[in-house]
Structure formats: structure tokens, C-alpha cells
Amino acid sequence: MLKGGKQESSDSTLFVRYDPVTGEVASEAVAATIADVDNAIDAAAAAFPAWSAESPANRRKILLDAADKLEAHTPEFIEVGIAETGATGPWMGFNVMFAASLLREAAAMTTQIKGEIIPSNKPGTTSMAMRQSVGVLVGMAPWNAPVILGVRAVAMPLACGNTVVLKASEVCPKLHMMIGECLIEAGVPEGAINVVTHAAEDAPQIVKRLIEHPKVKRINFTGSTRVGKIVASLAAPHLKPVLLELGGKAPLVVLDDADIDAAVNAAAFGSYMNQGQICMSTERIIVDEKLADAFVEKLAEKARNLPCGNPREQVVLGSLYDMRTVAAVNELIKDAEAKGARIAAGGTGDNTIMAATVVDGVKPDMEIFRNETFAPVVCVTRARDSDHAVELANDTEYGLSAAVFGSDINRTLDVAKRIESGICHINGPTVFDEGQMPFGGVKASGYGRFGGAAGIDAFTELRWITIEDPNQHYPF
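Below is a summary of the structure that appears in this document.

Conventions and cut-offs
Residues numbered from 1 in each chain as written. Predicted model: local features only at pLDDT ≥ 70, side-chain atom pairs only at ≥ 80, totals over all residues. Heavy atoms only, no water. Helix = DSSP H or I, 4+ residues; strand = E, 2+ residues; numbered from the N terminus. Buried < 20%, exposed > 50% of the residue type's maximum accessible area, 1.4 Å probe, protein only. Polar contact = N/O pair within 3.5 Å; in protein donor to acceptor, adjacent residues only side chain to side chain. Contact = heavy atoms within 4.5 Å. Disulfide = S-S within 2.5 Å. Pairing = 2+ DSSP bridges. Axes fitted to C-alpha atoms, helices over the stretch in contact; angles between N-to-C directions. 1 Å grid on protein atoms, 1.4 Å probe; cavity = no way out; pocket = protein on both sides within 12 Å on 5 of 7 lines; lining within 4 Å. Points joined across faces, edges and corners; volume = space filled by probe spheres on them. Nonpolar A, V, L, I, M, F, W, Y, C, P; charged D, E, K, R; others polar.

### As for the side chain of Ser271
- With respect to the secondary-structure elements, Ser271 resides in helix H9 (residues 260-272).
- Using a relative accessible area of 1% as the deciding quantity, one classes Ser271 as buried.
- One polar contact links the side chain of Ser271 to the main-chain carbonyl oxygen of Ala267, over a distance of 2.7 Å.
- Apart from residues no more than four positions distant in its own chain, Ser271 is found in contact with Gly276, Thr282, Ala375, Pro376 and Val378.

Below, the structure written as C-alpha cells:
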């Protein structure tokens, strides 16, 4: 937990995160124990009455100050982020900028937590629907957009008057600890924000305790579908609400009247930003067969010209976070090739720095069509027409983000509405977010929404309170 802005633990055991590029020590952090989890939750519970009673103006001021603190520490976030995750400097800088915007958006929402008067049929009765803070919430954030998603896990809960325990990713413990330090530096009271770091091997017991602790009221989790199912199953026996933002296999559909150059630019951005390690990354391009050859030629040329290498250098693509991803993606590429697909650019990798890769001629029976790569690898599938494109786009267990390119906006909108996803962008990339928007998925990509009014709904309790005539009539 955080005390005086510094991490405290009942045990002196540390774990190490190694730089995925150099192999050197990137950071050391406390390997939390169950006692540490309990202490963090108890501190959050103790801080809740005062924090929930803070005026909206005070909560807003603190969150605005936190945004400024975050931005002031941008150079440190970039340095630590490159070392812990292998991301590029520009990506980490964008993380800080966008995370600061999330704090400012959350700050703006402190006076938007509204109720309503509902007409009652009972004489002399005033019925109110009222939103109130919930209590202690747990947020679990991943490593891939570490500052953005770490801040998202706590910003709106704090704005709504809750206290929060953030479970840091074992891949970027220092980055997530720095978020907590910035919040405390800005004036969030001790206990209102806590950060728990843990070794990878301790994750099951730490997660289990965070969810099952009786003082924890709700959980939000961003990460893989596999772990999301575990989180949901642990929360279910306790009937605790869970907001899940999980994996994706985002399709970008290119209709026969699309602007090819515009679609290529969006596809490259969506596929290769942060080495494809974004939940919204473009994983499948479904292109009308009449445009497919020209589209693939242009995308492959663009991919071949994207420099990759050590993220400390002037490159577009940095490092994947570890070799397990590389090994898994290599198998997907080999399976696709064996079944008739063609590598139009890039290919398999032998270290964590992979080139931008285009796999053409992918069919639904290939593993790469279905399995999330989380790497700079995109597959291209040809569609006969718009109906076939929708069929292919929906032929997945996932449903987070999608995109459709076309000139006939009525037809393009019709296609977008038929795609099974929580998010769909017309003539824009699959990778796009703003703090005020309802962000989340369907199917195996999770349920619930972050952002704006949807975030208020997720992190407050809606209560019905009445004021009645004390001398009302009773039947007996």
C-alpha cells in the first residue's frame, strides 16, 4: 500500500522486471502478500467516509491537479515505460497525455452525478432516484497501455467518491506505482488510493483475495478474456458487479467503394501502433475482393517501410513485451502459411522486435483468423460483397472494436450497425478512444462500459429514497 506517497509492505521480498530488449533490470517492486492486500483494503475502507463526503469541487480540484502532476512527470514515465514494457517513447508520451485527459474528464464529471424526482402514485410522497458512492473498489490494469489503463481503472471511481485499490501489472509495477504517487502528490488522501504490486507467481492468490475480501464492493478489470473469465467467476459467488474490458480480434472492413489510400493508412495505424499490443488493434482486414489486390500491395509496401528496433532509437515499432508472444505468433503465421496464406510483408520473428507483418489470403479455418495475436501482425481476408464482409467480421468470439470504410455512408452505416462489437468507427481506425465515450465490448470482449455517463453508472449505486407523510393511512 501507499503511505506518505511511498510503498509499504509487511514483507521485504521484492520481485524484478527485466527490460525485454536489453535483459537488464528495469525495475524492482514489492511482492505483496495477502496481509498487504488486506492492509490496502482496510486503508481504503477507513478513508471512504471522508473521501465520499468531499465536495465535488474539492474532488475535481484534486483530479485536475493529478493530471498536471502526471504530465510534469512525463520524462520519467517515458524512461520507465520503455524499460519495463519495450514500448517506444512516443507511445509512452501519448499514454501520459491521454491519461491526463482521462483525469480531467473524470474531474469534470464530479458535478454530473445526478439523480431525479420520479412522480409517485402514493399521496404525500416524494420519490427520488439518487446516485451514491459505492465504497471500496478494485481496479486491475494491464501493461500494454499502462498509464492510460492504470489511470482509467481509478479516475472515475475516485471522481464518484469511491476509494480504490489498484492492482498493478507485474510487467510494469513501477509505472503503476507512479500513478498512485502522482495522485497522492495531488492531494488524494492516504488510503483513498492504494497500489498493490505482486510477483507473477503470486497473481492467483492476490487476485482472489482482492475480489473476495468482504469490504470490496465492485471490480473493474482490463486484460485477457482468459483472465477476465477467472475474475468474473471469483466475483460471482459474492454477487459483486464486475466491469470487464477484455480481448479483441478487431475487423476493419473495406467495402468496394472505399478510398483505398485512406483505408490503408487506418489499417497500418490500427495494426502496428504499439506493435499491435492494443485491445482495439486491427487484427483482421476484410476487404472486398474487387479491391483486395491493390489494397494488399499498398499495405504491404507501407508495412515494409516501417522501421522497427530498439525503442530507444528512432523507430515506429519497438519491442513486444516478452518472447512468449513471439513464439505464439510464429506458430499462427506458420499455420496460415501451411494452409495456403501468403506473407506479403514481414514474417516470423526470433526476438521481441518483430517487423510489421501482413498475412494475405487468410481463411476462417486458419488459427490466425480466430486467435488474438497481440503483435504487429494483421491478416487479410477477401469478401464477395458487403453481406459476406459482415458475416466474416462477426465470425469471431470477440466484439470490442471494429471499423468500416466506404463512400456510400448509408450503406457503410448499415454495415457498421450489423457488426457485433461494442465500438465501430466509420472511415476511421479501430484504435480510437476518448474519455467521455462509452468504451467496452460484447461477446468474449467483456461487458460494462468505462467513460462518461456510462462510467458514472458503473461506479455509483442507484438508490430509491422517499420522503413520505408520517400520518399516512395504513390498512390496519
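### Considerations on the state of the cysteines
- Across all of its chains, the model carries zero disulfides by this definition.
- Between Cys424, a free cysteine, and Cys279, which holds the nearest cysteine sulfur, the sulfur-to-sulfur gap is 15 Å.

### A look at the sheet that holds strand E7 (residues 136-140)
- Strands sit in the order E9-E8-E7-E10-E11-E19 across an open sheet of six strands; the sheet is mixed. The open sheet has two free edges, formed respectively by strand E9 (193-196) and strand E19 (446-447), since each of these has just one partner strand.
- Each of E7, strand E8 (163-167), E9, strand E10 (216-222) and strand E11 (242-245) is contacted by helix H5 (residues 146-159), which is oriented at about 165° to E8, the strand it contacts most.
- Along the sheet face, helix H6 (residues 173-186) touches E8 and E9 and points at about 165° away from the line of E9.

### Here we look at the layout of surface pockets
- In this structure, the largest pocket encloses a volume near 1,400 Å³.
- Every residue lining the largest pocket is counted, 45 residues in all, and those nearest its centre are Trp143, Ser224, Arg226, Val227 and Tyr321.
- Among the elements of the structure, strand E3 (14-18), helix H7 (203-212), E10, helix H8 (225-235) and helix H11 (323-338) are those that each provide at least two residues to the lining of the largest pocket.
- Class assignment for the residues of the lining of the largest pocket results in 25 nonpolar, ten polar and ten charged.
- For the second largest pocket, the calculated volume is near 270 Å³.
- Around the second largest pocket, the lining comprises 18 residues; the ones closest to its centre are Phe94, Ile148, Met280, Val431 and Asp433.
- Mapped by element, the contributors of at least two residues to the lining of the second largest pocket are helix H4 (89-108) and H5.

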